[in-house]
Amino acid sequence: MIGFVGELFVNAAFLCSILAVVGYFLYAQKENKRYFKISNWLFGLQGLFLLAASGLLLYIILTHQFNFYYAFNYTSSDLQLKYLISAFWGGQEGSFMLWILFSTLIGFGLMRWTREPYRGPVLFFLTLTQVFLFTMISGIHIGDFTLGASPFRTLAEAMPNAPFLQSNPDFVPEDGKGLNDLLKSPWMMIHPPILFLGFSMMTIPYCFAMAALWKRKYNEWVDHALPWTLGANIALLTAIFLGGYWAYVTLSFGGYWAWDPVENASFVPWLLGTAGIHMMIIQRKSSTSQKASIAFAILAYVAVVYETFLTRSGILADSSVHSFVDLGLYNQLILFMVAVTGIGLGLFFYRYKELPTQDKESKFLSREFLTFSGSMVLFLIGLIIALGTSSPVIGRLFVENPTPPEVSFYNEWTMPMAILAGFLTVLGQYMFWKKQDAESLAEELTWPVAITCVATLATIMIGGVRDLYYMLYLLAAWFAVIGNSVIMWRLIRKKALLIGGTLSHVGFGILLLGILASSAYNENLLSSSVQQYNNAIERGEVTDEQGFQVTQKVNLMELKLNEPKIINDKYKVTYEGYTLKDQARPGQQQYRIKFEPADGEGSQFVMKPEVYPMLSSSSASNIQWSVDPDVRTGLFSDIYLYVSGSSYVKRKNDEAKEQAKKAQPASMESQTDSANVQKVTVKRGETIPVGPFDLTFNSYGEVSDSTFTDSVSVAIRANLKLTERGSDSSVSLRPLFSVYTQDGENWSYSPPVTIPGHDATIRFTSVDPSQGGIELSITGIDENVEKEWVLVTAEEKPFISVVWLGTFLLMAGFSVSIFRHWDRERKKT
Amino acid sequence: MKPKVLVGIIAIVGFTSLLMYNFGNSISTYVNFEQASGMEGAHVVGTLDKSKDFGFSMESKQFSFHLKDQAGNVRRVVYPKPKPNNFEQADRIVVIGKMKGDVFYANDMLMKCPSKYNNTDASQFKQANASKS
């Protein structure tokens, strides 16, 4: 029932959006207010239906209705509320819904704030993209063909080939598959929505550019579109930043950027959108470059759709660490892409002859030319990244079954571009605010260049930079920082709201510095023995059991409990034990790795990386562990550390293997004889090691319990504390020792007490009052255990903070620009 | 034709061909273990051979397992890092590295997790109480 209503709502919204498209088209053609009103109502109704459908989907998720594929596939009944809500956009169907929801909200804003003659076409194109998005989730059956994948489809509809569903279509699973453990992170709450906000806002420059072409008003549109485009850029940048930060601090990817197709998918539209912003600003200032700003505005959205196609069609399945569910939307996504590109570029070239051209060419030293060059650099970076991401498609020109390009492809091509962009930001800014010739520019730049050289030299000396290429890069980055800062300083004194551009450019320069420092000077933290081993590998002295020379260096080290090791001559590192924390993720261990300065001066700190079993994919006989690194953020460098193995994890795995063996009846015979018994004596107040445990005998007390009959002469309970070594949680055990008289003879009675969580027992077998000690008999614990250990991978990453600072300044700069342009637009009305 | 346009065209053609040339060099094709011998950075796709042991060795600090490539060749693969997340779950594994003798030395590994559930094993499903439906 709910499913039917849900699909009905989605398709009612779909229908409304189709009608609204027609209405807006008529309004755009005839400029009759009546059509505008009707279309707005249809658009609003579409929004209502969609909201209702979203509410129903959320209801299905929250009430665990696992007969629905979406709830089954992305949630489970033990999921916390926040992850249940995140599951709404955890799958493709829901994320399409979220995308349309944001787009609808933006539509209301555009209705309110856009003026004629652009209003009609803008809303027409916005609604048109929504129609395409609706086709992805409609789920309407036309004969054998199903349009899109409905979020409300049942299990039986989603898996028509599964035999158990064919025989029993009303089958309801007991529990869902659950959200992937790696996605159970607070970032999952915020990263995807902001990304889709960015995607939907990127539609706006496209709509305005198309409206300009339609209405042949090629100039004023940029005033309207600029604040929106800036907003789209901030949203995308924030999403990229959050994604990078998420990857860095909670996934063990080892860094914030990996040129993964999914990361690229949001980066390319951002680059093209930024190129578009530059051209729009020039068009506003100088009434030139209409062609370029329209082209970039179109291409930015084409990039959004193209990257959506790449990531959602299943094409990239082999080349990304992300996994994609292939919903069979391939053809629809192609159609969407072809339509957006075809309509966009088609209209652009149709009107091309009519578009204003410049009377005379811009000089090399002009803000028009320099800014255009800057945009082209951004565009080319975008193109290169898009090319790399497209390797499964375009790579077929070269080889069959192509692999993704090596990471060096991206780095080698973007680095010279970034250097060029760094220089262009300063030249462009100097020309932007004042017309100058080469001579006056050279004079103005004397001091910035001098300071840049000093800063670069200082960096080279302090950082020990040897690479000539890096030196050039540093020069460009410092030049961008210093040159733009000088201009920013001048602008602040004139009118503070004008600094958006320069602030962003300063941020860009700082970002460049941070990227180089954090990626090229990343250092593994290793103990001296591992370092010696690695040196031996470097000298080619190590061979493996096959007799081959080992070439792969080791980048992890073993730490034994409470045995400090000196790493990189810098820190004294001690493994201090672990805590079992069951609240957040059952079975999670939090390890304590203490860092002290090796020379004893300075402060110490404790890193707390975590390891947890992946519940959605583990079973009793096979536990899959996942790691959650800990990052200590510092002003100059971060320490990034995760535990890649430990004696605790190994024991648990061994236990799981035992379990798996027990489950097979064939190996039953080995069970009985393996239990070994050991007797220990322990004095009061003493702690002794027993296998992997530390056992403390606190006290004993006589039991005056009425349950014992008179025949019992002595009844004593020992008060024991048992701690698994390394762990800081312990259990209390109170084993009983009693002596009773039966038939005139004394008998002792000491029942075994189970150690919780282990297949072992303790019996209190005897008392030695003269020594104050007791004897215990322990069954099922190995006597010889190795010392507790952890395997640690640690890296020192310099100046990650600078990367974040650069990103924040970029965001701040864009935000200031939004205020400035929005402010101006409001004053016009 | 204006000289400026000519220069522009030459620049674009030059840039594009250099880019495509470099791009073509930086991608390779997925191969099997036999084709991988002698290659640097070979990409091999395969499935985990669960009949053989796999695990991390504390002595050599290496993770080793047996992979069956798409041509059916089974080879031992060593990887100088601990067992990656999702390892057993993966329905396909891509290893990137080179062959030395009969052993593949992987520098990188990608786990491909199952994404289609259309043929899910029925035993994975547990029926809920009848009252629920």
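Residues numbered from 1 in each chain as written. Chains lettered and ligands numbered in written order. Predicted model: local features only at pLDDT ≥ 70, side-chain atom pairs only at ≥ 80, totals over all residues.

How should I be thinking about the overall build of chain A in this particular structure?
For chain A, the count of helices and strands is 23 helices and 23 strands. Based on the C-alpha atoms only, the size of chain A along its principal axes is roughly 120 × 70 × 55 Å. Looking at chain A as a whole, 46% of its 829 residues qualify as buried. Restricting the contact set of chain A to residue pairs at least 6 apart, pairs at least 24 apart contribute 68%. (Helix = DSSP H or I, 4+ residues; strand = E, 2+ residues; numbered from the N terminus. Buried ≥ 20, exposed ≤ 12 C-beta atoms within 10 Å, placed from the backbone. Contact = placed C-beta atoms within 7 Å.)

Help me understand the overall build of chain B in this model?
A count of helical and extended segments in chain B gives two helices and seven strands. Scanning chain B from its N terminus toward the C terminus, one meets helices and strands in the order α-β-α-β-β-β-β-β-β. Classification of the 133 residues of chain B by burial places 27% in the buried group. Here the contacts in chain B between residues at least 6 apart in sequence split such that 45% fall between residues at least 24 apart.

What is the right way to read the domain arrangement of chain B from this model?
By a widespread convention, an interface's size corresponds to the accessible area lost as its parts come together. Taken as a whole, chain B is organised into domain 1 (1-28) and domain 2 (32-112). For domain 1 of chain B versus domain 2 of chain B, the separation of C-alpha centres amounts to 38 Å. (Domains from an automatic or database assignment.)

Would you mind showing me how to read the sheet that holds strand E22 (residues 773-779) of chain A here?
Paired through backbone hydrogen bonds, the strands of a sheet run either parallel or antiparallel to each other. Residues and elements named next belong to chain A. In space, the four strands of this open sheet follow the order E13-E22-E21-E20, with antiparallel pairing throughout. Looking at the sheet topology across the chains shown, the edges are occupied by strand E13 (677-683) and strand E20 (753-754). In this sheet, strand E21 (residues 761-768) lies alongside E20 in antiparallel orientation, the contact comprising two bridges. Each bridged residue has a counterpart across the sheet, and for Val-753 the counterpart in E21 is Ile-762. (Pairing = 2+ DSSP bridges.)

Teacher, can you tell me more about unusual backbone geometry here?
With the exception of glycine, most residues fall at negative phi, and the peptide bonds are largely trans. Residues and elements named next belong to chain A. Omega for the peptide link from Glu-116 to Pro-117 comes to 0 degrees, which places this bond in the cis form. Looking at where Pro-117 falls in the secondary structure, it is placed in the loop between helix H5 (92-113) and helix H6 (119-137). Its identity as a non-glycine residue notwithstanding, Asp-569 has a phi of 55 degrees, on the positive side. If you trace the backbone, Asp-569 turns up in the loop between strand E5 (565-567) and strand E6 (571-581). A positive phi angle, near 60 degrees, is found at Phe-799, a position not held by glycine. By the secondary structure assignment, Phe-799 is in the loop between strand E23 (789-798) and helix H23 (800-828). Residue classification places Phe-799 among the buried residues on the basis of 23 C-beta atoms within 10 Å.

Just to check I follow, could you spell out the packing of helix H17 (residues 407-433) of chain A against helix H20 (residues 500-520) of chain A for this structure?
If you want to describe how two helices pack, look at the angle between their axes and the distance between the axes. All names here are of chain A. Closest axis-to-axis distance for the H17/H20 pair is 11 Å, and the angle between their directions is 155 degrees. The angle between the axes of H17 and H20 places the two elements in the roughly antiparallel class. Read as a crossing pair, H17 and H20 show a hand that is left-handed. Listed contacts from H20 to Ala-418, Gly-422, Thr-425 and Gln-429 of H17 are Gly-501, Thr-502, His-505, Phe-508, Gly-509 and Leu-512. The class makeup of the residues in the contact of H17 with H20 is three nonpolar, seven polar and no charged. (Axes fitted to C-alpha atoms, helices over the stretch in contact; angles between N-to-C directions. Parallel < 35°, antiparallel > 145°, perpendicular 65-115°, else oblique. Left-handed = near helix turned anticlockwise from the far one by under 90°. Nonpolar A, V, L, I, M, F, W, Y, C, P; charged D, E, K, R; others polar.)

Before we go on, may I ask you to explain the nonpolar core in this structure?
Across soluble globular proteins, nonpolar side chains have a tendency to be buried as a group. Residue and element names in this part refer to chain A. Judged by nonpolar contacts, the single largest core of 185 residues is most densely connected at Phe-208, Ala-209 and Phe-296. The residues touching Phe-208, leaving out its near neighbours within four places in the chain, are Tyr-118, Val-122, Trp-221, His-224, Ala-225 and Ala-297. Grouped together as the second largest cluster of nonpolar side chains are 31 residues, Leu-556, Ile-567, Tyr-612 and Val-643 included. (Core = buried A, V, L, I, M, F, W, Y, C linked by C-beta atoms within 7 Å.)

For this particular structure, what's the right way to read the domain arrangement of chain A?
Looking at chain A, the domain boundaries give domain 1 (1-180), domain 2 (528-647 + 793-798) and domain 3 (677-779). Taking the mean C-alpha position of each, domain 1 of chain A and domain 3 of chain A sit 65 Å from one another.

Sorry if this is basic, but what is going on with helix H18 (residues 438-463) of chain A here?
Spacing of three or four residues puts side chains on the same side of an α-helix, whose turn is 3.6 residues. Residue and element names in this part refer to chain A. Along H18, the largest kink reaches about 45 degrees and is centred on Leu-445; proline Pro-448 follows within four residues of it. Every buried residue of H18 is accounted for by Pro-448, Thr-452, Thr-456 and Thr-459. Elements that come into contact with the buried residues of H18 comprise helix H19 (468-494). Just beyond H18, the residue with positive phi is Gly-464, at close to 65 degrees. (Bend = angle between axes of the 7 residues up to and from the residue.)

Would you mind showing me how to read the confidence of the model for chain A here?
Low-pLDDT stretches of the model should not have their predicted coordinates read in fine detail. Of the residues in chain A, 94% have a pLDDT of 70 or more, and the chain-wide mean is 85. With pLDDT under 50 throughout, residues 666-674 of chain A is counted as low confidence; its partners more than four residues away or in other chains account for one contact. (pLDDT = per-residue confidence, 0-100.)

Explain the confidence of the model for chain B here, please?
All names here are of chain B. Mean pLDDT over chain B: 77, with 80% of residues reaching 70 or higher. When mean pLDDT is taken per element in chain B, strand E5 (residues 74-79) scores highest with 88 and strand E3 (residues 55-57) scores lowest with 79. The low-confidence segment residues 115-125 (pLDDT under 50) makes 18 contacts with residues lying over four places distant or belonging to another chain. Ignoring residues within four places in sequence, the model shows residues 128-133, a span with pLDDT below 50, making nine contacts including any to other chains. Taken together, the chains of this predicted complex give a pTM of 0.86 and an interface ipTM of 0.82.

What is the right way to look at the packing of helix H1 (residues 2-30) of chain A against helix H2 (residues 33-62) of chain A in this model?
All names here are of chain A. Packing of H1 against H2 brings their axes to within 8 Å, and their N-to-C directions diverge by 160 degrees. Judged by the angle between their axes, H1 and H2 are roughly antiparallel. Here H1 and H2 pass one another in a crossing that is left-handed. For the contact of H1 with H2, the per-class residue count stands at 25 nonpolar, five polar and one charged.

Please explain the environment of Tyr740(A) as it appears in this structure.
Its place among the elements puts Tyr740(A) in strand E18 (residues 736-742). Setting aside residues up to four positions removed in sequence, Tyr740(A) forms contacts with Ser711(A), Val712(A), Ser713(A), Trp747(A) and Tyr749(A).

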